[in-house]
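An overview of the molecular structure
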Amino acid sequence: MPQRVFSAGSLTGRTLAVASSTDIILRPGEVVLTFDDGPRPGRTDKVLATLDEFGVKATFLMLGSAAQANPRLAQRVAAAGHTVGSHTFGHVDLNTLSRQEALDEIAQGERAVSLALGGAGQALSPFFRFPYLSQSGFLRTSLSQSGLIVLDVTIDSKDYYKESADTVAARTLSRLDAQGSGIVLFHDIHQRTIEMLPAFLAELEERGYSVVRLVPKDPGVFGRDIITAGAPELKGAL
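Residues numbered from 1 in each chain as written. Predicted model: local features only at pLDDT ≥ 70, side-chain atom pairs only at ≥ 80, totals over all residues. Heavy atoms only, no water.

Quick look at the packing of helix α6 (residues 165-179) against helix α7 (residues 191-206) now. Contact pair α6 / α7: the axes reach a minimum separation of 8 Å and the direction vectors enclose 40°. On the basis of the axis angle, α6 is oblique to α7. Like other packed secondary-structure pairs, α6 and α7 cross with a definite hand, here right-handed. Each of Ala165, Val168, Ala169, Thr172, Leu173 and Leu176 in α6 lies in contact with α7, whose residues at this interface are Arg192, Glu195, Met196, Phe200, Glu203 and Leu204. (Axes fitted to C-alpha atoms, helices over the stretch in contact; angles between N-to-C directions. Helix = DSSP H or I, 4+ residues; strand = E, 2+ residues; numbered from the N terminus. Parallel < 35°, antiparallel > 145°, perpendicular 65-115°, else oblique. Left-handed = near helix turned anticlockwise from the far one by under 90°. Contact = heavy atoms within 4.5 Å.)

As structure tokens, this is what we get:
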């Protein structure tokens, strides 16, 4: 694989403020780093340390159950300047639920992450990712109408496969080189991801990529009417 894909520059890229998923337009050489399923003690904190070492920011799509169990770690992620969104409460395939059950699962996840962050005066961003990337037109439209920003994936690292850290890094870099830019899916719950991340970021820098920080144009979900139909006790809590 080529050692230099784009001209040399800082790995720290621009900040891109978006109001919807259609606003996420990347230039050649730009990468968005995303981490799903955390926060997890002993893993997420190491991801934070590596990202800080390279001076880049990521988007963390947190499970409500994990944020609820580890609120201080969730707060550390936000305090470090990373963007925090939600990923449902319990990582269920929403297409296995009724429409209302799916909406309630999304709302419960948002509420739990928001409450965890709110303990330190931080706000949840309206980014959301479907577990297993499993969605329906109804759910996607409902989320868009509610003001949530669905964060898609263009490069799946497949770091959930039981493979070596080197294999995960090589596969991700190969796909990134082929596309020229992309939104990369990692998980901050796997040891192989923690192990591969320093070398991966170093290689991104060597190849001339830059890491884009995503932020919402609306800085938080407080005051936003979210997916609460059938769960009125949640309305106004976010």
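Moving on: the nonpolar core. Membership of the largest hydrophobic core comes to 37 residues, with the highest contact counts inside it found for Leu33, Phe35, Leu51, Phe60, Phe200, Leu201 and Leu204. Contributing elements (two or more residues each) for this core: β2 (30-36), α1 (44-54), β3 (59-62), α3 (71-79), α4 (99-118), α6, β8 (182-187) and α7. Here this core takes six residues from α7, the largest share from any one element. With near-sequence residues (within four places) excluded, Leu204 lies in contact with Leu11, Leu173, Leu176, Tyr209 and Val211. (Core = buried A, V, L, I, M, F, W, Y, C linked by side-chain atoms within 4.5 Å. Buried < 20%, exposed > 50% of the residue type's maximum accessible area, 1.4 Å probe, protein only.)

Of all residues in the chain, 88% attain a pLDDT of 70 or more, and the chain-wide mean is 90. Within the model, pLDDT remains below 50 along residues 229-238, and this stretch shows 21 contacts once partners closer than five positions in the same chain are excluded. (pLDDT = per-residue confidence, 0-100.)

Before going further, it helps to examine the pattern of salt bridges. The tally for this structure, following the rule as stated, stands at seven salt bridges. Two residues, Asp152 and Arg140, come together in a salt bridge whose shortest N-O distance is 2.7 Å. A residue pair is termed long-range when its members are at least 10 positions apart, and Asp152 in the loop between β6 (149-150) and β7 (155-156) and Arg140 in helix α5 (residues 137-146) qualify at twelve residues. The class of Asp152 is partly exposed, set by a relative accessible area of 29%. In this structure Arg140 comes out as partly exposed when scored by relative accessible area, which is 25%. (Salt bridge = Lys/Arg side-chain N within 4 Å of Asp/Glu carboxyl O.)

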